[in-house]
Amino acid sequence: MVKRTAILISGSGSNMVRLVRDMTGDHPARPVLVLSNVPGAGGLAKAEALGVPTAVVDHRPFGTDRAAFEAALRAKLDAARPDIICLAGFMRILTAEFIAAHAGRMLNIHPSLLPKYRGLNTHARALEAGDAQHGCTVHEVTAELDGGKILGQARVPVLPGDDAAALAARVQAAEHRLYPAVLRRFSAGDRRPLNIG
Ligand code: GRF
């Protein structure tokens, strides 16, 4: 049975594009929805160009009412009947209730070698710490922020003269290799951690 996969984005969607492009041929998953909380997010047009159905649930009218926002999000998601949900630059924190409802089938990509640097500004923090290596992690989403089971990591060197932007670009290239490789394995039922790069 093909795994129906929904991808949640907030921005340019470069990871989403890599995931969608990989889901062809013998891949066990297929994209069924790209959902954004940001109207006009760059990734929406890219998804449409790739022939993937899109939807938007703008979080702003809901203000601080996360439950109401997530109810609207779930209405769109449930209609697409996803088996797997990939967060790909989705910049809203989800409630424990939402996460519990999708336990074991929601993935996220985070731009650090977890458990280092949960949260934001990961590239600046790696530079500040003088790390020789940095990278990205795909993990299962649990109620603990950036804390779920690690499904894969890709490493990149930190080079002399790097600033946060240069390092971010190198990490993002690694994200584009890692996330499709992890989704391919995960959707085939393989949850063993993958290490590349
Ligand atoms: C990625 O760097 C990811 O690690 C972070 O948000 C960024 C999304 O980029 N969570 P894109 O929208 O996939 O281009």
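Quick summary incoming for the structure in this document. Here the residue index of a chain counts from 1 through its sequence in written order. With the structure being a predicted model, the display of local features is reserved for residues of pLDDT at least 70 and the display and counting of side-chain atom pairs for 80 or more, all residues being used for whole-chain, interface and lining totals. Water and hydrogen atoms were dropped before computing side-chain values, which therefore reflect all heavy atoms in the structure.

Quick look at the packing of helix α1 (residues 14–22) against helix α6 (residues 164–187) now. Throughout, an axis means a line fitted to C-alpha atoms (over the contacting stretch in the case of helices), and angles, computed between N-to-C directions, take values from 0 to 180 degrees. We count a stretch as a helix when DSSP gives it H or I for four or more residues in a row; a strand needs E for two or more, and each element gets its number in order from the N terminus. The contact between α1 and α6 brings their axes to 9 Å, and the two run at 40 degrees. Of the possible angle classes, the one that applies to α1 and α6 is oblique. Once α1 is placed against α6, the crossing between them reads as right-handed. Contacts between α1 and α6 involve Ser14, Asn15, Arg18, Leu19 and Asp22 on the former and, on the latter, Gln172, Glu175, His176, Tyr179, Pro180, Leu183 and Arg184. Basically, the charged four are Asp, Glu, Lys and Arg, the nonpolar ten are Ala, Val, Leu, Ile, Met, Phe, Trp, Tyr, Cys and Pro, and anything else, Gly included, counts as polar. Here the contact of α1 with α6 is composed, by residue class, of 4 nonpolar, 4 polar and 4 charged. Any angle from 65 to 115 degrees is called roughly perpendicular, while one under 35 is roughly parallel, one over 145 is roughly antiparallel, and all others are oblique. With the far helix as reference, a near helix turned anticlockwise by less than a right angle produces a left-handed crossing, and one turned clockwise produces a right-handed crossing. Throughout, a contact is declared for two residues whenever any of their heavy atoms are within 4.5 Å.

It is worth spelling out the nonpolar core at this point. Residues belong to one nonpolar core when they are buried, are Ala, Val, Leu, Ile, Met, Phe, Trp, Tyr or Cys, and are joined through side-chain atoms within 4.5 Å. Burial status follows relative accessibility: with a 1.4 Å probe on protein chains alone, a residue under 20% of its type maximum counts as buried, one over 50% as exposed, and anything between as partly exposed. By size, the foremost hydrophobic cluster in this structure holds 33 residues, and its most contacted members are Ile7, Met16, Cys86, Leu107 and Tyr179. Among the secondary structure elements, those contributing two or more residues to this core are β1 (3–9), α1, β2 (29–36), β4 (84–87), β5 (106–110), β6 (133–140), β7 (150–157) and α6. It is α6 that contributes the most residues to this core, 8 residues altogether. Beyond its immediate stretch of four places on either side in the chain, Leu107 contacts Ile85, Cys86, Leu87, Val138, His139, Glu140, Val141, Leu151, Tyr179, Leu183 and Phe186.

Now for the sheet that holds β6. One bridge is not enough; two strands pair if DSSP finds at least two bridges between them. The strand order across the open sheet formed by 8 strands is β3-β2-β1-β4-β5-β6-β7-β8, and the pairing between neighbours is mixed. A single partner strand is all that each edge strand has here, and the edge strands are β3 (54–56) and β8 (194–196). Ignoring strand direction, the axes of neighbouring strands in this sheet form an average angle of 20 degrees. As paired strands, β5 and β6 are joined by 4 bridges and run antiparallel to one another. From the neighbouring strand, Ile109 faces β6, where its bridge partner is Val138. α1 contacts β1, β2, β4 and β5 of the sheet and is inclined by roughly 165 degrees relative to β1. Of the strands in this sheet, β1, β2, β4, β5, β6, β7 and β8 are in contact with α6, which crosses β7 at around 155 degrees.

A few words on the side chain of Ser14. Position of Ser14 relative to the elements: it lies in helix α1. At 2.8 Å, the side chain of Ser14 forms a polar contact with the side chain of His176. Among all residues touching Ser14, those that are not within four sequence positions of it are Gln172 and His176. We define a polar contact as two N or O atoms separated by no more than 3.5 Å, with the added condition that, inside protein, one atom must be a possible hydrogen donor and the other a possible acceptor, whereas residues neighbouring each other in sequence contribute only through side-chain atom pairs.

Before going further, it helps to spend a moment on the pairing of β4. Every second residue of β4 is oriented toward a common face, with Ile84 and Cys86 on one face and Ile85 and Leu87 on the other, all of them buried. Bridging between β1 and β4 involves 4 bridges; their strand directions are parallel. Within the sheet, the bridge partner assigned to Thr5 lies in β4 and is Ile84. Taken together, the 3 bridges between β4 and β5 define a ladder with parallel strand orientation. Residue pairing in the sheet places Cys86 in a bridge with Leu107 of β5. Here the term right-handed applies to a crossover when the path leading from its first strand over the helix to its second strand runs clockwise, the strands being oriented away from the viewer. Handedness of the crossover joining β4 and β5 through helix α4 (residues 96–101) is recorded here as right-handed.

Scope: geometric values only; no functional claims are made or implied.
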